[in-house]
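One letter stands for each residue in the lines below.
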Amino acid sequence: MDVLGRIYVANEGINAQLSVPAKNFDVFKTFLDGIYFLENVRLNIAIEQYLKSFLKLKVKVRHKIVADGLNDDTFDVRNKGIHVGAEKFNELIEDPDTVLVDMRNHYESEIGHF
């Protein structure tokens, strides 16, 4: 399917950034949906014409997805929040009791704002 990118697999989950040619996207999505733990996985889709974002496909097994140097045995990947839409997100960040930590890098911050 000409999929390029990088995938990290660790105990807490999978983190992937992939590039799939538009002509192969539907086949790729069907393939993902055929994997029980990836069925209906949320995909962020960006469209870019003619340029490749990655030169090859790399899959790496990591001890942790984010190499933060912390050894915290109390961390439980099942203790997670819920996905909220833009309206709810804006409502939450207007609450004075909400603390928002923006973890984007410089590039990510330049291409998107809250």
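Please refer to the structure placed before this passage.
What counts and what doesn't
Residues numbered from 1 in each chain as written. Predicted model: local features only at pLDDT ≥ 70, side-chain atom pairs only at ≥ 80, totals over all residues. Heavy atoms only, no water. Salt bridge = Lys/Arg side-chain N within 4 Å of Asp/Glu carboxyl O. Buried < 20%, exposed > 50% of the residue type's maximum accessible area, 1.4 Å probe, protein only. Helix = DSSP H or I, 4+ residues; strand = E, 2+ residues; numbered from the N terminus. Pairing = 2+ DSSP bridges. Core = buried A, V, L, I, M, F, W, Y, C linked by side-chain atoms within 4.5 Å. Contact = heavy atoms within 4.5 Å. Patch = residues over 30% accessible without salt bridge, like charges linked within 9 Å, V, L, I, M, F, W, Y side chains within 5 Å. Areas by Shrake-Rupley, 256 points an atom, 1.4 Å probe, with all protein chains shown as cover.

Let's shift gears to the pattern of salt bridges. This model, assessed by the stated rule, comprises three salt bridges. Where D102 meets R104, a salt bridge forms, and the shortest distance between an N and an O atom there is 2.6 Å. On the basis of relative accessible area, D102 is assigned to the partly exposed category, the value being 35%. Take R104: its relative accessible area is 26%, and that puts it in the partly exposed class.

Let's shift gears to the pairing of strand β1 (residues 4-10). As a general feature of sheets, a regular strand has side chains that alternate between the two faces. The element β1 is largely enclosed, with a buried count of six among its seven residues. Turn length for the β1-strand β2 (residues 13-19) hairpin, with the two strands adjacent in sequence and antiparallel, is two residues.

Before going further, it helps to spend a moment on the nonpolar core. Core analysis: the biggest nonpolar cluster contains five residues, these being V3, V20, F28, L32 and L38. Every residue in contact with L38, bar those within four places of it in the chain, is listed here: L32 and D33.

Topologically, A22 is positioned in the loop between β2 and α1 (25-33). According to the relative accessible area criterion, A22 is exposed, its value standing at 72%.

All right, on to the side chain of S19 then. Along the chain, S19 turns up in strand β2. Judged by relative accessible area, S19 falls into the buried class, the value being 19%. The residues touching S19, leaving out its near neighbours within four places in the chain, are D2, V3, L4, S53 and F54.

A separate point is a nonpolar patch on the surface. A cluster of nonpolar side chains, namely V9, I14, L18, Y36, F37, L57, V59 and V61, defines an oily patch on the protein surface of about 830 Å² accessible area. Of all the secondary structure elements, the ones that give two or more residues to the nonpolar patch are β2 and β3 (57-61). If you tally residues by element for the nonpolar patch, the top one is β3, at three residues. One can find V9 in strand β1. With relative accessibility at 30%, the residue V9 sits in the partly exposed group.

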